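For reference, the chains in residue letters:
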Amino acid sequence: MKKTIVYLLALIAVLALAACAKKESENAAPTSTAPATGELKIVATNYQFDQQQYTVKKGETLKVTLESKEGAHGIRIKDLGVNIGTNQSKDVTFDKAGTYEIECSIPCGSGHHTMKAKLVVE
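Just so it is clear, the model here is predicted, and its values are computed rather than measured.

1. Concerning the side chain of Glu-103
Okay, so step 1: Mapping Glu-103 onto the fold places it in strand β8 (residues 98-104).
Okay, so step 2: The class of Glu-103 is buried, set by a relative accessible area of 12%.
Okay, so step 3: Not counting residues within four places of it along the chain, the set of residues in contact with Glu-103 comprises Phe-49, Gly-74, Ile-75, Arg-76, Lys-78, Met-115 and Lys-116.

Printed below as a string of structure tokens:
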């Protein structure tokens with residue numbers, strides 16, 4: 001009976017991890033087959049980004065780089081499907097014009113909830 005419960009729990013854990021992995025890949029940042037034409041560098045320190053607003057041109061493919069100078073941070077732009085971790089880069093094509101919120105995606109302390117900036121795609 002105990003072995004059956006252990007096997008059942010292991011199966012549930014495997015299925016849960018498989019479901020999470022699939023969801024993560026569906027929400028991955030948009031990448032492009034076109035080569036990056038430039039770089040958008042965002043620098044993070046505790047509870048703030050180096051700029052309040054970043055501006056890019058619609059249709060550009062840029063290498064988006066997050067540099068964390070203090071603490072562990074990530075950036076998420078929900079409406080564009082962008083999610084980049086600490087000191088990582090990803091090529092992103094900005095194909096939707098508008099103003100988007102950039103937020104820290106890694107809980108970084110008491111000021112985490114205010115760690116936001118704007119991205120303008122024009």
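So, next bit.
2. Thoughts on the sheet that holds strand β5 (residues 75-77)
Okay, so step 1: The mixed open sheet is built from 5 strands, whose spatial order is β3-β9-β8-β5-β6. Taken across any chain shown, the strands that pair with only one partner, and hence form the sheet edges, are β3 (53-56) and β6 (82-84). This sheet shows a mean twist of 20 degrees between the axes of neighbouring strands, independent of strand direction.

3. Structural notes on the pairing of strand β1 (residues 38-45)
Okay, so step 1: Across 7 bridges, β1 lies against strand β4 (residues 61-68) in parallel orientation. Paired with Leu-40 across the strands is Val-64, a residue of β4.
Okay, so step 2: Sheet topology note: the β1/strand β2 (residues 48-49) ladder contains 2 bridges and is antiparallel. Across the sheet, Thr-45 pairs through a bridge with Gln-48, a residue of β2.

Cut-offs applied
Residues numbered from 1 in each chain as written. Predicted model: local features only at pLDDT ≥ 70, side-chain atom pairs only at ≥ 80, totals over all residues. Heavy atoms only, no water. Helix = DSSP H or I, 4+ residues; strand = E, 2+ residues; numbered from the N terminus. Buried < 20%, exposed > 50% of the residue type's maximum accessible area, 1.4 Å probe, protein only. Contact = heavy atoms within 4.5 Å. Pairing = 2+ DSSP bridges. Axes fitted to C-alpha atoms, helices over the stretch in contact; angles between N-to-C directions.

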